Amino acid sequence: MKRNDFCWCGSGKKYKKCHLQYDEKIDSMKFVKKKNQARPPHKIINNAADIEGIKRAAVINGGALDLAGELVKEGVSTLEINDAIHEFIVSHGAHPSCLGFEGFPKSICISVNDVVCHGIPSKKEILKEGDILNIDITTDLNGYFADASRMFSVGKISEEAERLIRVTREIMEVGILAAQPWHFVGDIGAACGKYAHDNGYSVVTALGGHGVGKEFHLEPFVSHDCAAETGMLLVPGMVLTVEPMINAGEEKVFTDAADGWTVFTADGSLSAQWEKTVLITEKGNEVLAY
Ligand code: MF3
Ligand code: CO
Ligand code: CO
């Protein structure tokens, strides 16, 4: 690409006024092979218009999660919550990205107690006092995706469950603090893993976060328990999720053979998860969806 060409990021600016210095900086770096360090592909770099698009999807997604919080009550089925949120997202002109994604049958994921993630809303699943649940919602609007999840609880819950929810949120936040430009994606997992283990919890590593924005799931894979300074370089314009899945007991999980989706803890212990969509900026990062 020449200095006076339009920049590859689609900003409409000349390359020399846009990503030239950025490319020179990356070209001058040496990536350590045995740490799997890698340069980010152009396709996952977002320009200002892309970020505006993701933010618009995020407004609806955040509203849907707020609504979820109002709907969680003893006696309500997870399908009722799904249906109300579907209606909310569609009525705002957007699409619930989970619906039909690789054949997923419902609009959102609701994961109760020992379900780690990808729980399928069902009219047979009735919330009861003491339950803890993750509601994970992704919304796409005009081709842009925002992905976030929160924990909720029903009535009075155990102290153990309360602590798991609180610490898991802290694990997500320390992960986000580690998501810095010109650092590596592995720094996120190193921070999350340490915080989790220091608190006596295990981290699910079979699943993780991901790039997001112009597609639902993009590079890089975001591990929540790995070595620092490994994997893809984080650069301004990258958008990714930090979404630790934390088990009170063992790390091991299995997927329900009958539905092909629901992920359970192998030992039946409680699991919690929080998720935000995070933009890497010049100075640090900015949460786009929560
Ligand atoms: N929202 C989930 C994530 O955080 C993905 C759910 S995929 C689905 O990446 F198909 F289960 F909906
Ligand atoms: Co999600
Ligand atoms: Co996600």
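To start, this report covers the structure provided alongside it. Predicted model, so just to flag it, every value in this text is computed and none were measured.

This part takes up the coordination of the cobalt ion (ligand 3). Of the protein atoms, only D147 (OD), H210 (NE2), E243 (OE) and E275 (OE) coordinate the cobalt ion (ligand 3), at distances of 2.0 to 2.2 Å. In this structure, the cobalt ion (ligand 3) is surrounded by six donor atoms whose angles at the metal cover 52 to 161 degrees, and the resulting shape is irregular. Linear spacing of the donor residues for the cobalt ion (ligand 3) on their chain is D-x62-H-x32-E-x31-E. Separating the cobalt ion (ligand 3) from the cobalt ion (ligand 2) is a gap of 3.3 Å, bridged by D147, which donates to each. Here E243, found in the loop between β9 (239-242) and β10 (245-247), pairs with E275, found in the loop between β13 (271-273) and β14 (276-280); they are 32 residues apart in sequence, far enough to count as distant. Both residues of the pair, E243 and E275, count as buried.

What surrounds ligand 1 is a group of 14 residues, the closest being C98, H210, H217, E243 and E275. Per-class residue counts for the shell around ligand 1 are six nonpolar, four polar and four charged.

This next bit is on a positive patch on the surface. A cluster of basic side chains, namely R3, K14, K16 and K17, defines a positive patch on the protein surface. Residue placement: R3 occurs in the segment before α1 (20-28).

How each quantity is defined
Residues numbered from 1 in each chain as written. Chains lettered and ligands numbered in written order. Predicted model: local features only at pLDDT ≥ 70, side-chain atom pairs only at ≥ 80, totals over all residues. Heavy atoms only, no water. Donors = N, O, S within 2.8 Å, 3.2 Å for Na, K, Ca; no water. Tetrahedral: all angles 85-135°; square planar, octahedral: opposite > 155°, others 65-115°. Helix = DSSP H or I, 4+ residues; strand = E, 2+ residues; numbered from the N terminus. Buried < 20%, exposed > 50% of the residue type's maximum accessible area, 1.4 Å probe, protein only. Near = heavy atom within 4 Å. Nonpolar A, V, L, I, M, F, W, Y, C, P; charged D, E, K, R; others polar. Patch = residues over 30% accessible without salt bridge, like charges linked within 9 Å, V, L, I, M, F, W, Y side chains within 5 Å. Areas by Shrake-Rupley, 256 points an atom, 1.4 Å probe, with all protein chains shown as cover. Salt bridge = Lys/Arg side-chain N within 4 Å of Asp/Glu carboxyl O. Lys, Arg positive; Asp, Glu negative; His and termini not counted. Charge placed at Lys NZ, Arg CZ, Asp CG, Glu CD.

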